[in-house]
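Examining the three-dimensional arrangement
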Amino acid sequence: MDTKALIIGGGIAGLTLSGLLGKMGLETVIIDNGGLVSAEDVKRSSRTAALMNTSLHVIDAVGLKSYIRTIGTPLKQMRLKDDGNPSLPIKQVDFPANDIGLEQFGYNVPNLALKKMLQDHLKSLKSVTFLSETTLDDYLVKNNKVYALLGHGQTVTADIIIGCDGRKSKVRAGAGIAVKEQDYDQSAITCVISHSKSHDNTSTEHHRSGGPFTIVPMEGNQSAIVWVEKTSETERLLALPKDLFEKTIQKNSHGIVGQIKLESNPESWPLKTLRATKLTAPRVALAAEAAHVMSPIGAQGLNLSLRDIASLAECLIDTARVGGDIGSHATLHAYESRRKLDILTRVEGIDTFNKAVSNNVSLIRILRRAGLTSLDALPPLKQFIMHQGLAPNMDEGRLMRGESL
Ligand SMILES: Cc1cc2nc3c(=O)[nH]c(=O)nc-3n(C[C@H](O)[C@H](O)[C@H](O)COP(=O)(O)OP(=O)(O)OC[C@H]3O[C@@H](n4cnc5c(N)ncnc54)[C@H](O)[C@@H]3O)c2cc1C
């Protein structure tokens, strides 16, 4: 097979990129080693992603305008609670979207529902070939072409190979790109709960010594839980009988959503921080978790990834429009220049924040509380943080602004 763009990895990031390129008629092959998502998979899954308005613009641009809002729940307020000092009352700071003139910050979207929606949509795009249950085994770059060897012996040639193949990226390894990584021995438990009180479209992040415990609104009186703890503690919690597990969630939630009931099997996800030292190599681009992985604290990971995808799509399409070479040094350099500062500051910022909020050292506990108190007292700083949480002003491409590709 010969194509223009070869995308490895059909997670939300890779699927979105292939949707954007395919919509513009750029010949694209996307391969993923997993199977297609079924309606049953969607029902069973407990993972959601809080996607900010700018990220929704990127998904809209694939050609799925407004559909995403039918599977997600609006996030109208973010609430931080410092819950890590048993001798003091809980300190709370609210960030309402209407303080910065917005109806909502974004939507909380079930990951697999979004993945299925994107997979289904690709079928309508003539210039995209999606190969599921197919693995990239190896590739080489020679004479301005990429030669990729797939698991079942098939070869694909392309002008560029794009690694959206997650934290253990083979594309990254094949290009010899080094990573900086740190393992905190933390995991996140996710599950879906129903509750007797309304969540009022508020996402509440409790900062506790083991890690944050977050309640994120879903449809009706349901919420997704993202609960970070030391990995040994998550293993102990997952081994608890259902009623004891429910009681622990009830206790951690301080009754803010009333009486809770477990609605899905809890799952756990190992956490780490990882940043690729470069985003490009000859004929190679990295995006999303192949380029950066971070703690779910502050719900930044996929939002950052969709900013990579938007920038990369713009760089590739702008080059293709004038008949240029999409895998050229100039195109890759433009992508890397646009993305490196946003990635560096987000990954380092979330890493520092995670260390500060998942800490039981008394000085850090005092500073954490002082930080929240002064944030509350300084509305301009609070508003600045709300804007930066939505999207940094350092890379506002046209897709992020809601304009067309
Ligand atoms: C508990 C938790 C909660 C989170 N909540 C949020 C949130 O609220 N908001 C937010 O913005 N982010 C959140 N994140 C982050 C977000 O979920 C991830 O950033 C995102 O799902 C990663 O998507 P991806 O497409 O980069 O990677 P992946 O989903 O890992 O996709 C990579 C794909 O590549 C495939 N692949 C790998 N190697 C090969 C190969 N050799 N050949 C073929 N295919 C291959 C894999 O099978 C996989 O399908 C959260 C993360 C966690 C752990």
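These lines cover the structure that appears in this document, whether it is placed above or below. Please read all numbers here as calculations on a predicted model, not as lab measurements. (Residues numbered from 1 in each chain as written. Predicted model: local features only at pLDDT ≥ 70, side-chain atom pairs only at ≥ 80, totals over all residues. Heavy atoms only, no water.)

**Structural notes on helix α5 (residues 111–122)**
For α5, spanning twelve residues, the distance from its first C-alpha to its last is 17 Å, which sits close to the expected 16 Å at 1.5 Å a residue. Counting buried positions along α5 gives nine out of twelve residues, so the element sits mostly inside the fold. Of the positions making up α5, those classed as buried are Asn 111, Ala 113, Leu 114, Lys 115, Met 117, Leu 118, Gln 119, His 121 and Leu 122. (Helix = DSSP H or I, 4+ residues; strand = E, 2+ residues; numbered from the N terminus. Expected span 1.5 Å × (residues − 1). Buried < 20%, exposed > 50% of the residue type's maximum accessible area, 1.4 Å probe, protein only.)

**A word on unusual backbone geometry**
For Asn 143, which is not glycine, the phi dihedral falls at a positive 50 degrees. Secondary-structure assignment places Asn 143 in the loop between β9 (136–142) and β10 (145–150). Owing to a relative accessible area of 65%, Asn 143 belongs among the exposed residues under this scheme. With phi around 55 degrees, Asp 200 is a residue other than glycine that occupies positive phi space. Along the polypeptide, Asp 200 turns up in the loop between β14 (186–195) and β15 (202–207).

**What about the environment of Leu 312?**
Within the element layout of this structure, Leu 312 appears in helix α9 (residues 301–321). When the C-alpha atoms of Leu 312 and Leu 286 are compared, they prove to be 9.5 Å apart, with 26 residues separating the residues in sequence.

**So, the pairing of strand β16 (residues 213–217)**
Of all five residues making up β16, five are buried, and the element is well covered by its neighbours. Here β16 shows no split at all, with Phe 213, Ile 215 and Pro 217 on one side and Thr 214 and Val 216 on the other all buried. Pairing of β15 with β16 involves three bridges; the strand directions are antiparallel. Across the sheet, the residue bridging to Glu 205 is Thr 214, located in β16. Of the strand pairs in this sheet, β16 and strand β17 (residues 222–230) are connected by five bridges, and their pairing is antiparallel. Residue pairing in the sheet places Thr 214 in a bridge with Val 226 of β17. The antiparallel pairing of β16 with β17 creates a hairpin that spans four residues between the two strands, and Gly 220 there sits at a positive phi of about 60 degrees. (Pairing = 2+ DSSP bridges.)

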